[in-house]
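Here is what each chain is made of, one letter per residue.
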Amino acid sequence: MDLRTILWIIGMGITAGTPLLYAAIGEVLAERCGVLNLGLEGLMLMGAITGYMFASLTGDKWIGILAVIVISALLGAILALLMVTYRTNQVATGIAFTIFCTGLSALIGKPYIGVVATDTFKKIRMPFLDGVPMLKPIFEQDILVYIAVILCIAAWFFVYKTKAGLHLRAAGDNPATLDSLGVSVYKVRYIYTIVGSILAGIAGAYLSLAYSPSWIEGMAAGRGWLTIALVNFALWKPQNTITGAYLFGIFYALSYRLEAMGIAVPSYFLRMFPYVLPLVILILVSWRAKQKGSIAPKTLAVPYLRGSK
Amino acid sequence: MSPTADLVVAENALELRGITKTFPGVLANQSVDLTIRKGEIHALLGENGAGKSTLMNILTGLYTPDAGKIFIHGKEVHIRNPKDAIASGIGMVHQHFKLVEELKVYENIIIGWKEQGWLLNQPVLVKHIADLSARYNLPVDPNITVRDLSAGQKQRVEIIKMLYRNMEFLILDEPTSVLTPQETEKLFVYLREMKTQGKTVIFISHKLNEVMEIADRVTVLREGRLIRTMDKDQTSPKELARMMIGREMETIAKIAIDKEVRREPVLVAEGLTAKGDEGQVALKGVSFTIEKGEILGLAGVSGNGQSELAEALTGMRPLEAGTVSLNQKEIKGATLHFIQAGISHIPEDRIGTGSIPSFSCIDNVILKSYRKPPIRRGWTLNHRKAEEIGGRLLKEYDVRMSSPNTPIKLLSGGNMQKLILAREISCGPKLIVAVHPTYGLDICAVEMVHNYLIQEQKRGCAILLISEDLDEILTLSDSIAVIYKGEMTSKKHRNDWTIETLGCAMMGIPYQTEESADVTN
Amino acid sequence: MLRIEKRQTSQTSTSILVGIAAIILALAISTLVLSIMGYKPIEIFAKAFGQTYLTIPGILENLLMLIPLSLCALAVAVAAKAGLWNIGVEGQFFAGAAAATGVALAFPNLPAPILLILMFFAGAIVAGLLAYISVLPRIYLGISEILTTILMNSVVIYFIRYLVFDAWDDPATVAPQTAPFAEAARLPILIADSRVHIGFLVVIGVIILVHYFVNRTVYGYEMRAVGENIRGAKYAGINIRKYFFIAMFLSGAVAGVAGMMEVSGVVHRLQPTISADYGFSAFVIAWVARLGTGAILIVSYLFAGLLVAGFTMQMMGIPSMVISMLKGLILLLVLAGEILTVYKFTWTREQPQKSRLAADTSAAGSVLKDSCEIPQAAGEER
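Owing to the predicted nature of the structure, the values given are computational and were not obtained by experimental measurement.

**Q** Please clarify how helix 3 (residues 56-81) of chain C should be interpreted in this entry.
**A** Along an α-helix, residues three or four positions apart point the same way, because every turn accommodates 3.6 residues. Residues and elements named next belong to chain C. Counted at 1.5 Å a residue, the expected span for helix 3 with its 26 residues is 38 Å, and the 36 Å between its end C-alpha atoms agrees. Of all the bends in helix 3, the greatest, near 35 degrees, is centred on Leu-66, and the proline Pro-68 appears no more than four residues after it. Among the 26 residues that make up helix 3, 21 are buried, leaving the element largely enclosed by the rest of the structure. Just beyond helix 3, the residue with positive phi is Gly-83, at close to 80 degrees.

**Q** Looking at this model, I keep getting lost on the packing of aromatic side chains. Mind explaining?
**A** We describe a pair of aromatic rings using the distance from one ring centre to the other and the angle between the two ring planes. Here the structure, examined in full by the defined rule, presents 31 aromatic pairs over all chains. Relative to Phe-100 of chain A, the ring of Phe-97 of chain A has its centre 6.4 Å away and its plane inclined at 50 degrees; by these criteria the two rings are tilted. Linking Phe-97 of chain A with Phe-100 of chain A, this pair stays in helix 4 (residues 90-109), spanning three residues, or about one helical turn. Note on accessibility: Phe-97 of chain A and Phe-100 of chain A belong to one class, buried. Plain terms: the ring middles of Phe-23 of chain B and Tyr-63 of chain B are 5.2 Å apart, the flat faces sit at 75 degrees to each other, and that makes the pair edge-to-face. In this pair, Phe-23 of chain B sits in strand 1 (residues 12-23) while Tyr-63 of chain B sits in the loop between helix 2 (52-59) and strand 4 (67-72), placing the two residues 40 residues apart along the sequence. The same class applies to Phe-23 of chain B as to Tyr-63 of chain B, namely buried. An aromatic cluster of three or more residues is present, and its members are Tyr-268 and Phe-269 of chain A together with Phe-159, Tyr-162 and Phe-165 of chain C. Lying across the ring of Phe-121 of chain A, Lys-61 of chain A places its NZ or CZ 5.3 Å from the centre. Over the face of the ring belonging to Trp-497 of chain B we find Lys-492 of chain B, whose NZ or CZ atom lies 4.5 Å from the ring centre.

**Q** I tried to follow the pairing of strand 3 (residues 41-45) of chain B on my own but got confused; where do I start?
**A** Working note: regular strand, side chains alternate between the two faces of the sheet. Residue and element names in this part refer to chain B. Strand 3 sits mainly inside the fold: five of its five residues count as buried. Sheet topology note: the strand 3/strand 8 (residues 200-205) ladder contains five bridges and is parallel. Within the sheet, the bridge partner assigned to His-42 lies in strand 8 and is Ile-202. Bridge count between strand 3 and strand 9 (residues 217-222): four bridges; the pairing is parallel. Bridge assignment links Leu-45 to a residue of strand 9, and that residue is Val-220.

**Q** Help me understand helix 5 (residues 122-135) of chain B, please; the structure alone is not making it clear to me.
**A** Residue and element names in this part refer to chain B. If you check helix 5, its first and last C-alpha atoms are 20 Å apart, about what 14 residues at 1.5 Å a residue would give, namely 20 Å. All buried positions along helix 5 are accounted for by Leu-125, Val-126, Ile-129, Leu-132 and Ser-133. Here the buried residues of helix 5 occupy an arc of 130 degrees about the axis, which is enough to place them on one side. Turned more than 90 degrees away from the buried face of helix 5, the exposed residues are Pro-123, Lys-127, Ala-134 and Arg-135. Looking at the packing, one finds that the buried side of helix 5 touches helix 4 (105-110) and helix 6 (151-164). In the stretch just after helix 5, Asn-137 is the one whose phi turns positive, near 60 degrees.

**Q** I keep staring at a nonpolar patch on the surface and nothing clicks. Help me out?
**A** On the surface, a cluster of nonpolar side chains totalling about 470 Å² of accessible area is made up of Leu-3, Ile-6, Val-132, Met-134, Leu-135 and Phe-139 of chain A. Relative to the helices and strands, Val-132 of chain A resides in the loop between helix 4 and helix 5 (136-139).

Quick notes on the rules
- Residues numbered from 1 in each chain as written.
- Chains lettered and ligands numbered in written order.
- Predicted model: local features only at pLDDT ≥ 70, side-chain atom pairs only at ≥ 80, totals over all residues.
- Heavy atoms only, no water.
- Helix = DSSP H or I, 4+ residues; strand = E, 2+ residues; numbered from the N terminus.
- Expected span 1.5 Å × (residues − 1).
- Bend = angle between axes of the 7 residues up to and from the residue.
- Buried < 20%, exposed > 50% of the residue type's maximum accessible area, 1.4 Å probe, protein only.
- Phe/Tyr/Trp six-rings, centres within 6.5 Å; stacked < 30°, edge-to-face > 60°.
- Lys NZ or Arg CZ within 6 Å of the ring centre and 35° of its normal.
- Pairing = 2+ DSSP bridges.
- Arc of directions from axis to C-beta.
- Contact = heavy atoms within 4.5 Å.
- Patch = residues over 30% accessible without salt bridge, like charges linked within 9 Å, V, L, I, M, F, W, Y side chains within 5 Å.
- Areas by Shrake-Rupley, 256 points an atom, 1.4 Å probe, with all protein chains shown as cover.
- Salt bridge = Lys/Arg side-chain N within 4 Å of Asp/Glu carboxyl O.

If you want it as structure tokens, here you go:
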């Protein structure tokens, strides 16, 4: 494999990792405040179809993104209502929600199969890269890739350097304390469940408007679940999501590239890469982290009720 | 104390009128009228379950009362949630600290503080807090992660948190329960300091001597009712005790076991080394023996390796090094081996460790005896026998429940503990590891637990009693040892200890003088 | 004001009512969605469900569909009894099917009973091991089994594709599938003139066995203890890893048997389409049935009808994905309705009634004597 191929794989990995990055930033926020949102896969599908539908109806991709934000916020509010207010089992709720959204997105999306959206996200040409064509595949990305990087940095700053971020961390590790100090745990958890849902929706829209501009039933293809693994890999730190997302993205790129290079392994096994390698990486990371004790938010997936222990 | 302070009818800073609060089936507070004066230290005295905590949780907005009114400086206030309480200047230091262990001290102090801007400016905040801690003489380093602090330091963080918010009323719930005697003395100094700076302190306790030492006025609660409020100077410990319990106190008939009977070591622990949940070394080569019919009391501030020691002795935590032998036979491996060797365990967390919460009382009481016939029949569980045997045990130990099939999680703490005792004692153990066995129980239940332990001691059982309550350790133990940072002192007869020497050992410092017993960081 | 109290015990009757209400509400919402999208759902629903639930052929199809569904739901429930989330039932179903297919293709000349038994155990063991592997990271490293089981699904699906497109592809047909099984590798039909095979009896047998195992045996008692409180179980001397192994292996094995019976009893060859999303359907069924073994049979029948009706609807022009939406919706509503079974809602006047208080006082006095930590005890357990 020559350098050009490696750079191509990295560049492709960044593109493939971007939807994971969006979703992971959101999920880190949600899990840090104690909400395990397993509805990501469903939210991504709904984001993908909403974005695609509105972008092709209006001919403007940004209206598509706006619609995704609105719809995902609504779906996130429903999830929060169930998991925070009704204190339903978060695992069951997330999976049920994903099943629901899989059906709903396919239903809504039926007329859009094969429809071509006119306005999608294209790679931005970087004139200054003309001198270094080798770096082109890495830095010539669409605008959403750059926004994701900025979001990741912003999330790190937000979580560790702001008052709201402090409350977010406290809500996940010790909600009773936060509550006794006059900050509503419910409010905090609602906000980040909704924010997480919006980011998952944008991740979906990235798939249908940038990554492979089209609508295909079930096009999230397990990326929602991968995101959950990614958050675990990132040890619930927003700044780590970017490494994980691009790494997982490179696994996608590898599985395509190796296939194109015509190596002797049947392509079905290469296609397992994006699912198997993250697990392997996660196992290695957990092996090391195990020495230090648990790093997960203390009340992850535990509903809060005032006055309970 | 200035003599005039008591003569002037001080302003009623805080007034509760007719506070009533019920929980399903339980009347926690019944028409309580409480008056707190400005700048006093007011003790709220009562047994566990007397309704003190409920009353204070109403003041801090965690519970809403069914009836009653709250006045601050003569004006009615509505406290519907913690936010309202904070706005009214009421702050509470809970018995279980409301601190986020994973966060830094300064972060904990500013959580939820309204005037904090959206951006956290660490150097400025740290300086602010350092100034405040200097002003009230409460030393603490704002940059440390709370998990690494001792209980006494955490309590100081809690107090600073309230001072930082400029709270007028400071409620302390059983503040001395986690402190060494010396730390308690220091706390009293802080409290008096705060009083001189104009704060009003409500001090919740069930310990008479402390109340007599620190309070200006005392209110006694019993069974959810306010019995009386009086000046400390006009009452005596004896009178308070009578009001608190509703009858004369009985002293536990502690029978000294004939020394000659013992002398036969039951438990020999050698060089126990184990890691804690966070991966830190929690036990560092702990060695000791317990003889037949001996109660060894293990004192220490919680978090110094007690839980890990209890788990290591009962097979729940793997040992990095060291051996546990019972009657000269080494036990290792699975928890089951420890159970089968005759070690019983009364765990500190009744619901989280000592029971299967959603299982019925029957299924819980057989949780260790189901492996043997007649409850076990081949592959199957003989439910009829289980009900018969379990039911008999529940009756014998006077466990009160609506039916033997009630899930254990619906039982009160006292009944839950009776059920656990029934299970752990009925198997005729050679060693009982009892961890905070009376924690959170009311006085009747405490007495009952103590009596069962003494009864087992008479039978010849060796008992390791791990407790934070020094009074409990001193009443029950034959010999006492102290654990500090995973290391254990050698055990000594209980008469060879004094409160002072115990306190020093609990802080890991050699006993010398008052001055050197200082615990600044 | 609205008073919310926790019930002492959750009531079965309320649970059933909530379930029925959830199904009706889910249908109503689906109707609304479909109407907005320009379909005519009411008549199509009526026709499809009428055909499925009220005609003999429909009922027979339901029974056929019930076989894999109930077994997969049982697989979810068995793992859940030990506190584990097996979201990989879909993959284990395929693994069982593939293993059985492998045996069927390798030994086409064995006599029927021996071949079928071999296929049965091959399916059960391979799927059981797959499930077991998925729980190892949980046992040793604390990685959630939700992740491992769900990601394993994708792995198995690609492996199945490899088998049907490549390794075992039947050159005689264009479709990705293996060659048809020999007669000996096909499960006998149970009900004449239908496709319902004797797998139905296996379902009944497995349900009875699982129920007996979980509720009557010492192992079941220990496994439930592990599922309810890991720390408590450890305290009682129960070997947690052993029960994670047993539960997960059993769970996978049951799903594998479902897969084996689907290829051996219905399709008679391995195809990548043998599962109509049984894995997630099973998850929904198990949770709607609240993990009750008997209830799973009933709920499975209802959902089998739903899936069968889905095929009919597809022919009438409504996308079959509406069924997926319906399934998710039903579970979401059941979960939301759970609050009704756990809590009691009563309207009271502004002030609490004096009489109630007075009546409580005497009782409370006695309770207080032997109760401790009143606020906690009376507060919520979780």
